[in-house]
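# Fold and geometry: a report
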Amino acid sequence: MKRLTPVVALAFVFTVAASAQTAQPASVLADPWFQDQARAGLKNLYDMDFGAADGIFATITERYPDHPVGPYLQALLPWWAIQIEPDDPSQDPVVFDAMETVLDVCDQRLRKNPGDVDALFFKAGAHALRGRLHADRRNWLRAARDGQQALKALQEVRRRDPDNNDLYFGIGLFDYLSDEVPKQYRILRPFARLFPKGDKDRGITELERAMRQGQFVSAEAAYSLLQIHYIFEKDYQASLRYALWLRARHPDNSIFQLDEGRIYERLGRFPEAERMFQSVLARHDQGQSGYTDAMAEQALYLLARTTMWRGRPAEALAYIDRLERLTAQRPVMSEYKALGKLRKGMAFDALGKRQDAMRCYRDVLAMKGYDGDDDVR
């Protein structure tokens, strides 16, 4: 599980950081029609009903053609395509171009009215989303620059609208990660000096506030808490609470489902983990939206790992064979190809087939870009 990358501290993502109690009476974000439509669109997005989400976001764009909310929301579709298929960069230009459009619209509005809270909201969001993608692609300096701009806009919004509960998503992520990331990732310590010092305990409290009281960012805040407790705190029981919260609201989200299975695996609840991964495979075979080949790859690898941990290496090999057939037909070079080959070698070793195992290990060493991390996403 690596979705919450270290430099997310530099670019905390807003899904839609806004509330009904905005500081400007004329704000689009205070329009009850927009609130209902945005919540419905975001629910469809998290349910991976992308066609329905796109239709709602297009309607919002049509109703507010000179507002940054439309292009921002519509960019969440390619953004989620990246989350489902993180090794495929084909959607990166679409997201970057959309964020440029959002920033242009925001700057036009701010030139007319420097106190335009809507423009400040989405300027923060655009820099944060763009910075997050730069971070995922290891463009650290660009991520840091976007993070600085996002934080600057966020602080201005907080000054003008301190009671906005959705703000505490970005604030909480910054507070937690700017405190914790430099302790765990030496390479990012120079970038941390560009930002004010955070407080991880305060950050968790702020994220909880956004999750419980926010209008639009509850799911994002809950998912961030899930990842924080899984990746940084190693508190899998706490992580499971957030996974179950998300799954109760969005049972058709393949990412949330895979992460629930991963947490069961870490807790040693192997039968539940296996059932979760098997369910992902079944939904993939049925062609359910969001249950892509990339999700099936992960499920097959995790099933191989889980069955290995349960002392069933022959069964693990069967899953790895399916994984290899799947990776062979996909145009994207996934890290699961290398991880599957490594796990195959371990299974052969467990079965006493040392020569076969050594052949697999040599194949892994020859694969370009493999970093040896067995706990991917």
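Computed from a prediction, not measured in an experiment: that's the story for all the values here. (Residues numbered from 1 in each chain as written. Predicted model: local features only at pLDDT ≥ 70, side-chain atom pairs only at ≥ 80, totals over all residues. Heavy atoms only, no water.)

### Some remarks on the overall build of the chain
Just so we agree on the cut-off: To qualify as a helix, a DSSP run of H or I must reach at least 4 residues; to qualify as a strand, a run of E must reach at least 2; elements of each kind are numbered from the N terminus. Exposure is judged per residue with a 1.4 Å probe applied to protein chains only, and the accessible area is read against the type maximum: over 50% gives exposed, under 20% gives buried, and values in between give partly exposed. Contact definition: two residues touch when any of their heavy atoms are within 4.5 Å. To measure how exposed things are, a 1.4 Å probe is used in the Shrake-Rupley method; for residues, cover is taken only from the protein chains shown.
Scanning the chain from N- to C-terminus turns up 17 helices and zero strands. Counting every position in the chain, which comprises 377 residues, the buried fraction comes to 60%. Considering only contacts within the chain whose residues lie at least 6 apart along the sequence, 69% involve residues at least 24 apart. Working note: accessible area of the chain is about 15,400 Å², and carbon and sulfur atoms make up 50% of it.

### Quick notes on the side chain of histidine 250
For clarity, the cut-off: What qualifies as a polar contact is a pair of N or O atoms within 3.5 Å, subject to a donor-acceptor requirement within protein and to the restriction that residues adjacent in sequence count only when both atoms come from side chains.
In this fold, histidine 250 is placed in the loop between α11 (236–249) and α12 (254–266). Residue classification places histidine 250 among the buried positions, given a relative accessible area of 7%. A polar atom in the side chain of histidine 250 sits 2.8 Å from the side chain of aspartate 47. Contact partners of histidine 250, with chain neighbours within four places excluded, come to Lys43, Tyr46, Asp47, Ala219 and Phe256.

### Description of the pattern of salt bridges
Stated precisely, the cut-off is as follows: Within this document, salt bridges are pairs made up of a side-chain nitrogen of Lys or Arg and a carboxyl oxygen of Asp or Glu, the two lying within 4 Å of each other.
Counted according to the given criterion, the structure contains 33 salt bridges. When the shortest N-O distance is used, the salt bridge between aspartate 31 and arginine 63 registers 4.0 Å. Here aspartate 31 is found in the segment before α1 (32–46), whereas its partner arginine 63 is found in helix α2 (residues 50–63), with 32 residues between them in sequence. One salt bridge connects glutamate 324 with lysine 341, and the closest N-O pair in it is separated by 3.2 Å. On the criterion of sequence distance, the pair formed by glutamate 324 in helix α15 (residues 313–329) and lysine 341 in helix α16 (residues 335–350) is long-range, its members being 17 residues apart. Look at the salt bridges and you will find they share partners, linking Asp321, Glu324, Lys341, Lys344 and Asp363 into a network.

### Here we look at helix α13 (residues 270–285)
Just so we agree on the cut-off: The span one expects for a helix is its residue count, reduced by one, times 1.5 Å.
For α13, with 16 residues, the first-to-last C-alpha span of 22 Å sits near the 22 Å given by 1.5 Å per residue. Along α13, the residues that are buried comprise Phe270, Ala273, Glu274, Met276, Phe277, Val280, Leu281, Arg283 and His284. Where α13 is buried, its residues touch α11, α12, α14 (293–309) and α15. At the C-terminal side of α13, glycine 287 shows a positive phi close to 80°.

### Remarks on the nonpolar core
Rule in force here: Throughout, nonpolar core names a set of buried Ala, Val, Leu, Ile, Met, Phe, Trp, Tyr and Cys residues whose side chains join them through atoms within 4.5 Å.
Phe34 and Met99 are the most contacted members of the largest nonpolar core, which has 107 residues in total. Discounting chain neighbours no more than four positions away, the residues touching methionine 99 are Tyr72, Ala75, Ala126, Leu129 and Arg130.

### A word on α11
When the terminal C-alpha atoms of α11 are compared, their 20 Å separation across 14 residues agrees well with the 20 Å that a helix rising 1.5 Å per residue should span. Every buried residue belonging to α11 is among Tyr236, Ala238, Ser239, Leu240, Tyr242, Ala243, Trp245, Leu246 and Arg247, and all of these are buried. Where α11 is buried, its residues contact α9 (200–213), α10 (218–232), α12 and α13.

### Concerning the environment of phenylalanine 277
Inspection of the secondary structure puts phenylalanine 277 in helix α13. For phenylalanine 277, a relative accessible area of 0% corresponds to the buried category. Sequence spacing of phenylalanine 277 and alanine 296 is 19 residues, and the spatial spacing of their C-alpha atoms is 8.6 Å. Not counting chain neighbours up to four residues away, the residues in contact with phenylalanine 277 comprise Leu258, Gly261, Arg262, Ala299, Leu302, Leu303 and Thr306.

### As for the side chain of serine 178
With respect to the element layout, serine 178 can be found in helix α7 (residues 167–184). At a separation of 2.5 Å, a polar atom in the side chain of serine 178 contacts the main-chain carbonyl oxygen of phenylalanine 174. A polar side-chain atom of serine 178 sits 3.3 Å from the main-chain amide nitrogen of glycine 198.

### A word on the confidence of the model for the chain
Under the convention used in this document: By definition, pLDDT measures how confident the predictor is in each residue, and it falls between 0 and 100.
Per-chain confidence: the chain averages 88 in pLDDT, with 89% of residues scoring 70 or above. Considering only residues more than four positions removed or in separate chains, one finds that residues 4–25, a stretch of pLDDT under 50, has 101 contacts.

### Describing the packing of helix α5 (residues 117–136) against helix α6 (residues 140–160)
If you want to describe how two helices pack, look at the angle between their axes and the distance between the axes. The condition that has to hold: Here, axes are lines fitted to C-alpha atoms. For helices the fit covers the stretch in contact, and angles between N-to-C directions go from 0 to 180 degrees. Orientation labels follow simple angle bins: below 35 degrees gives roughly parallel, above 145 gives roughly antiparallel, 65 to 115 gives roughly perpendicular, and whatever is left gives oblique. Helix crossings are classified by the rotation of the near helix relative to the far one: an anticlockwise turn of less than a right angle makes the crossing left-handed, while a clockwise turn makes it right-handed. Three classes are used: nonpolar for Ala, Val, Leu, Ile, Met, Phe, Trp, Tyr, Cys and Pro, charged for Asp, Glu, Lys and Arg, and polar for all others, with Gly counted as polar.
Close contact between α5 and α6 brings their axes to 8 Å; oriented N to C, the two are set at 155°. Taken as axis vectors, α5 and α6 run roughly antiparallel relative to one another. Along this stretch, α5 crosses α6, giving a crossing that reads as left-handed. For the pair formed by α5 and α6, the contact residues are Val117, Leu120, Phe121, Ala124, His127, Ala128, Arg130, Gly131, His134 and Ala135 on the first element and Trp140, Arg142, Ala143, Asp146, Gln149, Ala150, Ala153, Leu154, Glu156, Val157 and Arg160 on the second. Class assignment for the residues of the contact of α5 with α6 results in 12 nonpolar, four polar and five charged.

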